[in-house]
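# Inside the fold
The chain contents come next:
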Amino acid sequence: MTTANTTGTPALTEGVRAEATVDLAALRDNLAALRARTNGPELMAVVKADAYGHGALQCAREAIAAGAGWLGTATPQEALALRAAGIRPDQARILCWLWTPGGPWEQALRESVDISISGQWALDELLAAVRATGIPARVHLKADTGLGRNGCQPHDWPDLVDNAAKAQADGLLRVVGVWSHFAAADEPGHPSIQSQLDSFAQALAFAERSGIDPEVRHLANSPATLLLPQSHYDLVRPGLAMYGLSPVPDVGTPADYGLRPVMSLAARLALVKHVPAGHGVSYGHHYVTPGPTTLGLIPLGYADGIPRHASNTGPVQIGSGRYRVAGRVAMDQFVVDLGGETFEVGEEVLLFGPGDRGEPTAEDWARACGTLSYEIITRIGGRVPRRYVGGVQ
Ligand SMILES: *Cc1c(COP(=O)(O)O)cnc(C)c1O
């Protein structure tokens, strides 16, 4: 049972220091909103990095309930953990894209994890594992169409494709996907966008001429899912947008895209006290009270993922008032200047959420800290308990 106020945002659980509430109904609704903006491609719910801090297993299950047939992870460990928790291949294909020597390829084969291959070394290790286990691999060949990160460069692509096609002819693998990733889909009009679309079309055409007939061709992350229909192909791979944040905050708010933030972060005031003018606050005294005032102690710090860059700037809501971090964020706690207001110890402090109660958003924190909302939500640490509401699984 969870309690909820009239706006649907649950209050902090009794007795907790701090809590991240994860609204799984919002997650499902966001996937439906994303689907409504596309013309039929399959959905891959990107649940890497513990689902951007929201809880990989819970989010994966809800995404499947909302019709996602694919899950995306960075590391093999993330993919294997989902299978170990009971997510079966007939419920969701899992694509894993960040491999290092040693794999573990054999476990991935046994657990039906789809494997992204960006270079010959990985294909060689994978084929050795296929021969050892007798289990053919499901491979997605990744082209570097301009991001310059993972993926195969155009001049190495013909060899990689030919070698994969040979292995496919030998029954060792099936190339089920050809894919790539954008560098700047969040900057509409950026010249790299068209260039990557063209380069992807060429990489795909070469693969098809070489006898590769992929089930899914895929390129679109969240901003491309929202803004570039020509990039959707057979599958889109939203991460941030599924968690209800705008990947293009200067272009549109979450509400503009029918999205609602999934994570809310709240804490309980740990201390309220009166201090005189000229009192230094927190390490280094980077804040000094301008007059007699009240200080509130918030029991969250950089060990919980509150950026130290939020020192003297991060916003919080207490009651109907908006306050800012006073002085440095410490490992476990930070202070706000309450400007003479007195709140009860234990009062709920809202750091971020959908904004229904006047609270800041993760985007507000990102702007205050000079970073992206991606980083704000993903950093929320393991010491902060997650509370799940609205789940159907
Ligand atoms: C993280 C990631 C995504 C999702 O990106 P968002 O911008 O959060 O939608 C998609 N594809 C790959 C390869 C990724 O690494």
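Keep in mind it's a predicted model, so treat the numbers as computed, not measured. (Residues numbered from 1 in each chain as written. Predicted model: local features only at pLDDT ≥ 70, side-chain atom pairs only at ≥ 80, totals over all residues. Heavy atoms only, no water.)

Quick look at the environment of Ala-183 now. Mapped onto the fold, Ala-183 is located in the loop between β7 (173-179) and α8 (191-209). By relative accessible area, which is 40% here, Ala-183 ends up partly exposed. Taking the C-alpha atoms as reference points, Ala-183 and Leu-300, separated by 117 residues in sequence, lie 34 Å from one another. With sequence-adjacent residues up to four places away left out, Ala-183 is seen in contact with Leu-147, Ser-192 and Gln-196. (Helix = DSSP H or I, 4+ residues; strand = E, 2+ residues; numbered from the N terminus. Buried < 20%, exposed > 50% of the residue type's maximum accessible area, 1.4 Å probe, protein only. Contact = heavy atoms within 4.5 Å.)

When its domains are assigned, the protein chain resolves into domain 1 (24-243) and domain 2 (263-389). For domain 1 and domain 2, the distance between their C-alpha centres works out to 38 Å. Contacts between the two partners involve 11 residues from domain 1, matched on the other side by eight residues from domain 2. Interface of domain 1 and domain 2: buried area, both sides summed, is about 880 Å²; carbon and sulfur atoms make up 62% of it. The three residues of domain 1 that bury the most area against domain 2 are Tyr-52, His-54 and Leu-240, which together make up 51% of that side's buried surface. Remark: the boundary between domain 1 and domain 2 carries three residue pairs in polar contact (both at pLDDT 80 or more). Mapped onto the side of domain 1 that touches domain 2, the elements with two or more residues apiece are α1 (24-36) and α2 (48-52). (Domains from an automatic or database assignment. Buried area = accessible area lost by both parts, 1.4 Å probe. Polar contact = N/O pair within 3.5 Å; in protein donor to acceptor, adjacent residues only side chain to side chain.)

What follows is about the side chain of Ser-118. Relative to the elements of secondary structure, Ser-118 occurs in the loop between β5 (113-117) and α6 (120-133). Here the side chain of Ser-118 touches Asn-150 through a polar contact of 3.0 Å, side chain to side chain. Within polar-contact distance, the side chain of Ser-118 engages the backbone nitrogen of Gly-151 at 3.1 Å. Setting aside residues up to four positions removed in sequence, Ser-118 forms contacts with Lys-142, Asn-150, Gly-151, Cys-152 and Leu-160.

Working definition: the strands of a sheet are paired by backbone hydrogen bonds and lie parallel or antiparallel to each other. Across the sheet, which stays open at both edges, the nine strands sit in the order β11-β14-β17-β16-β15-β18-β10-β1-β19 with mixed pairing between neighbours. Sheet topology places β11 (271-275) and β19 (386-389) at the edges, where each strand pairs with a single neighbour. Strand-to-strand twist in this sheet, taken as the mean axis angle between neighbours without regard to direction, amounts to 35 degrees. Each of β15 (315-318), β16 (321-326) and β18 (348-352) touches helix α10 (residues 362-369); the most contacted strand, β15, lies at about 140 degrees to it. (Pairing = 2+ DSSP bridges. Axes fitted to C-alpha atoms, helices over the stretch in contact; angles between N-to-C directions.)

For the rest of this paragraph, the subject is the layout of surface pockets. Of the volumes computed, that of the largest pocket is approximately 640 Å³. For the largest pocket, the lining is made up of 35 residues, of which His-181, Asp-186, Asn-221, Pro-223 and Tyr-374 are closest to its centre. Secondary structure elements with two or more residues in the lining of the largest pocket: α2, α9 (222-227), α10 and α11 (373-379). Element by element, the count of residues in the lining of the largest pocket is highest for α10, at three residues. Per-class residue counts for the lining of the largest pocket are 19 nonpolar, seven polar and nine charged. (1 Å grid on protein atoms, 1.4 Å probe; cavity = no way out; pocket = protein on both sides within 12 Å on 5 of 7 lines; lining within 4 Å. Points joined across faces, edges and corners; volume = space filled by probe spheres on them. Nonpolar A, V, L, I, M, F, W, Y, C, P; charged D, E, K, R; others polar.)

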